[in-house]
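# Examining the three-dimensional arrangement
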Amino acid sequence: MQPTSSMNEEFLKKWQMGLQIFRPSIDNTSVHERKKAIKLSADVAMASLRKGTTCWSRALIEKTATEDNFLVRQMLSGIKAEALINKKLPKKIVCHRKIVRRSKKILRRKSKSASEEAAAKAKRLVKRRTQGLRNVVPGGELMSNDVLLLQETLDYIVSLQTQVNVMRSIVDAAEAEIER
Amino acid sequence: MSSSRRSSQASSSSRISDDQITDLISKLRQSIPEIRQNRRSNTVSASKVLQETCNYIRNLNKEADDLSDRLTQLLESIDPNSPQAAVIRSLING
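Looking up chain B in an unreviewed UniProt entry gives the name Helix-loop-helix DNA-binding domain superfamily, with the organism given as Arabidopsis thaliana x Arabidopsis arenosa.

The name given to chain A in an unreviewed UniProt entry is Helix-loop-helix DNA-binding domain superfamily, and the organism recorded there is Arabidopsis thaliana x Arabidopsis arenosa. Quoted verbatim from the Subcellular location (unreviewed entry) field of the UniProt record, the comment on chain A reads "Nucleus".

### Details of the UniProt feature "coiled-coil region" (unreviewed entry) in chain B
UniProt records the feature "coiled-coil region" (unreviewed entry) for residues 50-77 of chain B in the present numbering. End C-alpha to end C-alpha, residues 50-77 of chain B measures 41 Å, and it is 100% helix and 0% strand.

### Here's the deal with helix α4 (residues 83-93) of chain B
Every buried residue of α4 of chain B is listed here: Gln 84, Ala 85, Ile 88, Ile 92 and Asn 93 of chain B. Projected down its long axis, α4 of chain B shows its buried positions confined to an angular sector of 150 degrees, all on one face. On its buried side, α4 of chain B packs onto α1 (5-22) and α8 (146-178) of chain A together with α3 (46-77) of chain B. Where α4 of chain B ends, the next residue or the one after it, Gly 94 of chain B, has phi of about 75 degrees, a positive value.

### Some thoughts on the packing of helix α3 (residues 55-67) of chain A against helix α4 (residues 69-76) of chain A
Residues and elements named next belong to chain A. Where α3 meets α4, the axes come as close as 5 Å, and the angle between the chain directions of the two elements is 130 degrees. As far as their axial angle goes, α4 and α3 are oblique. Across from Ile 61, Thr 64, Ala 65 and Glu 67 in α3, the residues of α4 making contact are Asn 69, Val 72 and Leu 76.

### Here's the deal with the nonpolar core
Ranked by size, the top nonpolar core spans 59 residues in total, and within it Phe 11, Trp 15, Leu 133 and Val 137 of chain A together with Ile 57 of chain B carry the most contacts. Of the residues forming this core, the biggest block, 14 residues, is contributed by α8 of chain A. With near-sequence residues (within four places) excluded, Phe 11 of chain A lies in contact with Ala 42, Ala 45, Met 46, Leu 49, Thr 162, Gln 163, Val 166 and Met 167 of chain A.

### Quick notes on the side chain of Thr 64 of chain A
Residue and element names in this part refer to chain A. Looking at where Thr 64 falls in the secondary structure, it is placed in helix α3. You can call Thr 64 buried: its relative accessible area is 3%. When residues no more than four places from it in sequence are discounted, the contact partners of Thr 64 are Leu 40, Asp 43, Val 44 and Val 72.

### Observations regarding the state of the cysteines
Linking two cysteines covalently through their sulfur atoms gives a disulfide. Taken as a whole, this structure holds 0 disulfides over all chains when the rule is applied. The structure places no disulfide on Cys 54 of chain B, whose sulfur is separated from the nearest cysteine sulfur, that of Cys 55 of chain A, by 17 Å. Under the relative-accessibility criterion, Cys 54 of chain B is labelled buried at 6%.

### Structural notes on the side chain of Lys 39 of chain A
Among the structural elements, Lys 39 of chain A can be located in helix α2 (residues 31-48). Setting aside residues no more than four positions away along its own chain, Lys 39 of chain A makes contact with Asn 61, Ala 64, Asp 65 and Ser 68 of chain B.

### A look at unusual backbone geometry
The phi angle at Lys 51 of chain A is positive, at roughly 45 degrees, despite the residue not being glycine. Note on placement: Lys 51 of chain A falls in the loop between α2 and α3.

### Details of the interface of chain A and chain B
Accessible area lost during the coming together of the parts is what is often quoted as the interface size. Chain A puts 42 residues into the contact, and the matching count from chain B is 44 residues. At the boundary of chain A with chain B, total buried surface from both sides reaches about 3,900 Å², with 70% on carbon and sulfur atoms. When the shortest N-O distance is used, the salt bridge between Arg 34 of chain A and Glu 76 of chain B registers 3.3 Å. Counting across the interface, chain A meets chain B through 8 residue pairs in polar contact (both at pLDDT 80 or more). Listed by contribution, the elements that provide at least two residues to the side of chain A that touches chain B are α1, α2, α7 (114-136) and α8 of chain A.

Reading the values: rules and limits
Residues numbered from 1 in each chain as written. Chains lettered and ligands numbered in written order. Predicted model: local features only at pLDDT ≥ 70, side-chain atom pairs only at ≥ 80, totals over all residues. Heavy atoms only, no water. UniProt positions renumbered as here; feature names shortened; annotations may be inferred. Helix = DSSP H or I, 4+ residues; strand = E, 2+ residues; numbered from the N terminus. Buried < 20%, exposed > 50% of the residue type's maximum accessible area, 1.4 Å probe, protein only. Arc of directions from axis to C-beta. Contact = heavy atoms within 4.5 Å. Axes fitted to C-alpha atoms, helices over the stretch in contact; angles between N-to-C directions. Parallel < 35°, antiparallel > 145°, perpendicular 65-115°, else oblique. Core = buried A, V, L, I, M, F, W, Y, C linked by side-chain atoms within 4.5 Å. Disulfide = S-S within 2.5 Å. Buried area = accessible area lost by both parts, 1.4 Å probe. Salt bridge = Lys/Arg side-chain N within 4 Å of Asp/Glu carboxyl O. Polar contact = N/O pair within 3.5 Å; in protein donor to acceptor, adjacent residues only side chain to side chain.

The structure is reproduced here in structure tokens:
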């Protein structure tokens, strides 16, 4: 799956809209706040491409809303902003490592052949990597289903590629303009 | 429902999700430039794909962050009355 040109266009339009919303207050803000507005509008623009249909996009919108509620509401007005921001996300899955480790130790006491051990080790590694993935995908900690996690990851990657490609084009073009 | 039917139902649903997972992992493999370009399809393990996926996502986020920085710096540095500023404004405002 690759980002399509319509995704690129839609992202650009939404990002520009977010930057416009921020513009009026630009004189009273610090450089840091300006950078934050640019980044946050890019994130909301990216997430809103999915119109609330994916878990990662809802989680990202909720997270961004905690940092700049006004910006998010303005950017999403017309796409059921309230519903997306106040939507109750399922409870986080808390894994008590000590308990899991202890129960695994008890299971492991049975002696195993070398190949069984190797297979078990590979399985543990995959589990650890999957947990790592949960940590980088927005809302990942809420996805107990591995299939869902992988589907969301694929969609998130395509969206990130869109965000980065469009931002890069704009910044490159702007820097080229300055060097004229 | 007899217990044997229940267990075969359970194993068939886990078979379906195993297939789904294999399929999704191969799709991931194709999305990640690092793996797609450097290796032949069948020699990359699931755990490697997952690891590279995490790295790729982190890198994309970092790049988006850096680009936001560059854009901020750019806007700081231009003279608002210059012709370049007008062009840049149209880029950013659409």
